[in-house]
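# A structural walkthrough
Each chain, letter by letter, is given below.
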Amino acid sequence: MSSVEPLEVLILGAGFGGLGMGIALKKAGERRFAILEKAAEVGGCWRENTYPGAACDVPSHLYSFSFEPKADWSRRFAHQAEILGYLKSCALKYGLHDHLNFNAEAKEAWFDETNQFWVVKDAKGGVWRARHVVSAVGQLSRPLIPAIEGRSSFKGAVFHSAQWDHDTVIDGRRVVVIGTGASAIQFVPELAKRAKSVTVFQRSGAWVIPKPDRAYGVVDNLVFSAAPLAQAISRAWTYVEHESRAIAFTQQPWILKLFESRARAQMRKHIKDPLLLQKIEPDYALGCKRVLISNDWYPALARANVDVVTEGVAHFEEHGVRDASGVLQEADVVIYGTGFAATEFLSPMKITGRRGMVLNEVWAKGAEAYLGMTVHGFPNFFMLYGPNTNLAHSSIVYMLESQIAHVMGALRLKQRKGASLIEVNADTQFGFNDRLQQRISKSVWDSGCTSWYKNESGKNINNWPGFTFEYRWKTKKPDTRHYSLS
C-alpha cells in the first residue's frame, strides 16, 4: 500500500507509544495519519514476549494510559496476556484499525528536501510520504542473540525468549538457559517446574528484590469500577512511591544499600547452599544494572533440578553447550535469555535527513537526542522512547505520554507559526546532552559495572537521570528558543 498525497503523520510501531500517538492525533481531530506495524497485530513487546511467566514489573494501575484506566486488572502486576488484551482494546475503542497497516515494517526513511516531506519504504514494498514521522519502535524490540560457535552442530531446539517456540516440548527435557536478565528470572522458575533439568549460564549475579504482587479480588475490582477515584488514588500513590526511588538511583546512591540488605535477606532465606550463594552474589552496587523483582527466582535456583554455571559459554556441541571450563552441559533445548539490542536505536532502519545525513552515522559514538525525541538535521522527525528516556524506577507509559504531548505541541506550534518544518537547534541538542551525561556520571549507573544501559564505549545512552515529573515539565511545551521553524 502507498499514499499519493503526503500524510500529516506516519507512526512507526503499534505498541504503547504508537497507539498512544495515534489516539492523541484522533482526539485532536487529525485523521491524515497511518501506523506501520511489522507484525500482524498490535502490542509491541507484549505481543512478542509470550514466554511462560511473562509479566510486568510496574504495577498495573501505573502501567496503563492515564486517560484509559482499567478497573478490572486481575493482579497488581499484570501478566503479558492481560496487557496485550488491554492494548488491543485501546486500538479498538479509539478506532485505530482504520489507520493500522500490519506486516509493514519500515525499512528505510529519507527526508525529501525539495518537497519537504519524509519518504518511507516498508517491508512489503510500499512507499509512504508524510510531513512528519514519529518512531515508536522502542528500545526493547530486537532480540540480542550472541554469536556462539557451533550453533549448527546442536541437534536440539534453540530460540530466544522473545521468540518463544511453544511447539518445543519442555516437560522432562534438559534445558540450558543462557542469561539471567529480567526475562530469565520470570521463565526459569516456570521451566524448573516442568523440565528434567535446567542449567543457567550466569555472567554476573543479579540483584533481586521481593515482588509486592497480589491478585485483585472481586471486591477490589468492584470498588475500582464503582469508585474511579479509588483507582486514581491507587495510581497516584503508586506513582509517588516509585518516583521517590529516583533520588537513590540518580542523586544519593548510598540509599540503595538499604535495598541491598533486603535483597540479601531474601537470597539467604531461600538459598542455603554456601557455594550457590557465592555464585549468585552480585559483584556490583545495586542499581548499577537493572534491579529485578521476583518471589520465585531464588526458590527456583534452590531446586535440585536447577544448576547455575558461572564459567561462561565456550561453544555448542551436538548434545549440549560446552562451558569455558571444558564441561559439557547436556541439553535438549537451549534458550537465550540475553535481552535486547537496546542501544541500537532505530536499527536496522536507515534514516537519512538533510544533506544525506544518516542517523546511525551521526550516532557513531552513541545515540543522543534533545529530550530523547529530536535530532538536529532531521526535521519533522520525532522519537518516542528514544535515547536516555528509559527508566529504572517508574512506568515508561508516563514518559510516553509526556513525549506524545510534546510532539502534539510541536505540531500545533508549527501550525500556529505557519511553518513547514520544525527542527531542534544543534546547540540545544548538544548542550542538553552534555548536561545529561554530567548528571549520569553522579548516578549509580556509573558506579563501575557494564550493563545494557551503556554502549560499547561505556556511554549510558538509555536512562533518564531524574524524576519523571521533571521530564514532563521539560517536555510540556516546545520552546521556540530550542527549535527552528521554517
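Presented here is an overview of the structure given in this document. Every value quoted in this text rests on a predicted model; they were computed, and no experiment measured them. Residue numbers run consecutively from 1 along every chain, following the written order of its sequence. Local features in this predicted model are restricted to residues whose pLDDT is 70 or higher, and side-chain atom pairs enter the listing and the counts only when it is 80 or higher, whereas totals over whole chains, interfaces and linings include all residues. The basis for every side-chain value is the complete set of non-hydrogen atoms in the structure, without hydrogens or water.

### Here we look at the side chain of Ser-204
Helix and strand definitions here come from DSSP, where helices need a minimum of 4 consecutive H or I residues and strands a minimum of 2 consecutive E residues; each element is numbered from the N-terminal end. Along the chain, the position of Ser-204 falls in the loop between strand S9 (197–201) and strand S10 (208–209). Pairing of N or O atoms within 3.5 Å defines a polar contact, subject to two protein rules: one partner must be a possible hydrogen donor and the other a possible acceptor, and residues neighboring in sequence count only if both atoms are side-chain atoms. Within the local environment of Ser-204, its side chain forms a polar contact with the side chain of Lys-289, the two groups lying 2.7 Å apart. Contacts between residues were defined by any pair of non-hydrogen atoms, one from each residue, lying within 4.5 Å. Beyond its immediate stretch of four places on either side in the chain, Ser-204 contacts Thr-180, Asp-283, Tyr-284 and Lys-289.

### A short note on a positive patch on the surface
A cluster of basic residues, Arg-412, Arg-416, Lys-417 and Lys-477, forms a positive patch on the protein surface. Relative to the elements of secondary structure, Arg-412 occurs in helix H12 (residues 396–417). Burial here depends on accessible area, computed with a 1.4 Å probe over protein chains only, as a share of the maximum for the residue type. Under 20% is buried, over 50% is exposed, and the range in between is partly exposed. Exposure remark for Arg-412: the relative accessible area of 48% places this residue in the partly exposed category. Patch members must show over 30% relative accessible area and no salt bridge, and they are joined within 9 Å when carrying like charges or within 5 Å when they are nonpolar side chains of Val, Leu, Ile, Met, Phe, Trp or Tyr. Computed by Shrake-Rupley with a 1.4 Å probe, the accessible areas treat only the displayed protein chains as cover when residues are assessed. Salt bridges are defined as contacts in which a side-chain nitrogen from Lys or Arg sits within 4 Å of a carboxyl oxygen from Asp or Glu. By the counting scheme adopted, Arg and Lys are positive, Glu and Asp are negative, and His together with the chain ends is not counted. The atoms used to mark charge sites are NZ of Lys, CZ of Arg, CG of Asp and CD of Glu.

### Side note on the pattern of salt bridges
Counted according to the given criterion, the structure contains 27 salt bridges. With its nearest N and O atoms 3.7 Å apart, the salt bridge here joins Glu-241 to Arg-76. In this pair, Glu-241 sits in helix H6 (residues 228–243) while Arg-76 sits in the loop between helix H2 (45–48) and helix H3 (80–93), placing the two residues 165 residues apart along the sequence. Residues Glu-470 and Arg-439 are paired through a salt bridge, measuring 2.8 Å at the closest nitrogen-oxygen approach. In this pair, Glu-470 is assigned in helix H14 (residues 468–475) and Arg-439 in helix H13 (residues 426–440), connecting sequence segments 31 residues apart. For Glu-470, a relative accessible area of 17% corresponds to the buried category. According to the relative accessible area criterion, Arg-439 is partly exposed, its value standing at 29%.

Don't take any of this as a statement about function, it's just geometry.
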